[in-house]
Amino acid sequence: MEFIVNNKKYAILNHELYINYLMVNEYFRTYAKYDYDIHFDFLDSILSRDRIDFDDILEGTKDLEELIEKEEINFIPPGLRIDVRLNETFKITYQDLEFEDVNVGEAVPMLIALTTLLNYRPIVSLYQIGDELNHFLEMFRTYRKD
């Protein structure tokens, strides 16, 4: 999948995007700071399995690709700004929210979480979204250190 933010083109392989959705789904299910009823329906078939193989991910990726083609799924909120820093990390800005030193591997899952929270009902305040995303990044970075 390719997408453009700030007139710059980015790309992610669809199966990588699918895996990112799996990670974000697990975050909201198990590690979220606040209580949300968030899960992605298109993941239900893979999550119901006892064991997940790479072929299962490729099969699930086809479901994701269909949703992308139908424009039923998008993880780039309007008004998002991404700046590449000299140290090759990102500064991600959405309205009053600003996240510095976001690594490449953290950016897409964070954008999925951001967009999910922006679309969540009942509405979540920007303050709570910022708090949740900071917690998300802390959890993500702690996991990488383990």
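Look up: the structure comes first, before these words.
Predicted model only: the values in this text are computed from it and were never measured. (Residues numbered from 1 in each chain as written. Predicted model: local features only at pLDDT ≥ 70, side-chain atom pairs only at ≥ 80, totals over all residues. Heavy atoms only, no water.)

Visitor: Could you give an account of the pairing of strand β1 (residues 2–5), naming the residues involved and the relevant values?
Guide: For a regular strand, the rule is simple: side chains alternate between the two faces of the sheet. Of the two faces of β1, the one lined by F3 and V5 is fully buried and the one lined by E2 and I4 carries no buried residue. Here β1 pairs with strand β2 (residues 8–11) via four bridges, running antiparallel. Each bridged residue has a counterpart across the sheet, and for E2 the counterpart in β2 is A11. From the end of β1 to the start of β2, which pair antiparallel, there are two residues, and N6 there has a positive phi angle of about 55°. (Buried < 20%, exposed > 50% of the residue type's maximum accessible area, 1.4 Å probe, protein only. Helix = DSSP H or I, 4+ residues; strand = E, 2+ residues; numbered from the N terminus. Pairing = 2+ DSSP bridges.)

Visitor: I'd like a description of the side chain of E132, backed by residues and values.
Guide: Among the secondary structure elements, E132 is positioned in helix α5 (residues 126–145). We note that E132 is buried and unpaired, the nearest opposite charge coming from K33 at a distance of 7.6 Å. Of the polar contacts made by the side chain of E132, one reaches the backbone nitrogen of K33; its length is 2.8 Å. Sequence-distant contacts of E132, defined by excluding residues within four places in its chain, comprise Y27, F28, A32, K33, Y34, Y36 and L117. (Lys, Arg positive; Asp, Glu negative; His and termini not counted. Salt bridge = Lys/Arg side-chain N within 4 Å of Asp/Glu carboxyl O. Polar contact = N/O pair within 3.5 Å; in protein donor to acceptor, adjacent residues only side chain to side chain. Contact = heavy atoms within 4.5 Å.)

Visitor: I'd like to hear about the pairing of strand β5 (residues 97–102), residue by residue, with values.
Guide: As defined by bridge partners, strand β4 (residues 90–94) adjoins β5 across four bridges and the pair is classed as antiparallel. The residue bridging I92 from the neighbouring strand is F99, located in β5. Taken together, β4 and the strand that follows it, β5, pair antiparallel across an intervening segment of two residues, in which Q95 is found at a positive phi of about 50°.

Visitor: So what about the packing of aromatic side chains? Which residues, and what values?
Guide: Scanning the entire structure with this criterion turns up twelve aromatic pairs. Measuring from ring centre to ring centre gives 4.9 Å for Y27 and F136, while their planes differ by 85°; the resulting arrangement is edge-to-face. With Y27 in helix α1 (residues 14–31) and F136 in helix α5, the pair connects residues that are 109 residues apart, well separated along the chain. The same class applies to Y27 as to F136, namely buried. (Phe/Tyr/Trp six-rings, centres within 6.5 Å; stacked < 30°, edge-to-face > 60°.)

Visitor: Got a sec to walk through the packing of α1 against helix α3 (residues 54–69)? Specific residues and values, please.
Guide: Between α1 and α3, whose axes approach to 8 Å, the crossing angle comes to 95°. The pairing of α1 with α3 is recorded here as roughly perpendicular in orientation. In contact with N14, H15, L17, Y18, I19 and Y21 of α1, α3 contributes F54, I57, L58, G60, T61, L64, E65 and I68. (Axes fitted to C-alpha atoms, helices over the stretch in contact; angles between N-to-C directions. Parallel < 35°, antiparallel > 145°, perpendicular 65-115°, else oblique.)

Visitor: I'd like a rundown of the pattern of salt bridges, residues and numbers included.
Guide: Per the stated rule, a full pass over the model turns up nine salt bridges. A salt bridge links R51 to D53; the nearest nitrogen and oxygen atoms lie 3.1 Å apart. Using a relative accessible area of 62% as the deciding quantity, one classes R51 as exposed. Judged by relative accessible area, which is 33%, D53 ranks as partly exposed. Put simply, R81 and D83 hold a salt bridge, and the shortest N to O gap is 3.2 Å. Overlapping salt bridges, with partners in common, bring together R49, D56 and E59 in one network.

Visitor: Go over α3, please, and point to the residues and values.
Guide: Between the first and last C-alpha of α3 there are 22 Å, a value that for 16 residues agrees with the 22 Å anticipated at 1.5 Å per step. Looking only at α3, the buried set comprises D56, I57, G60, T61, L64, L67 and I68. Buried residues in α3, looked at end-on, bunch into an arc of 140°, giving them a common side. Turned more than 90 degrees away from the buried face of α3, the exposed residues are D55, K62 and E69. (Expected span 1.5 Å × (residues − 1). Arc of directions from axis to C-beta.)

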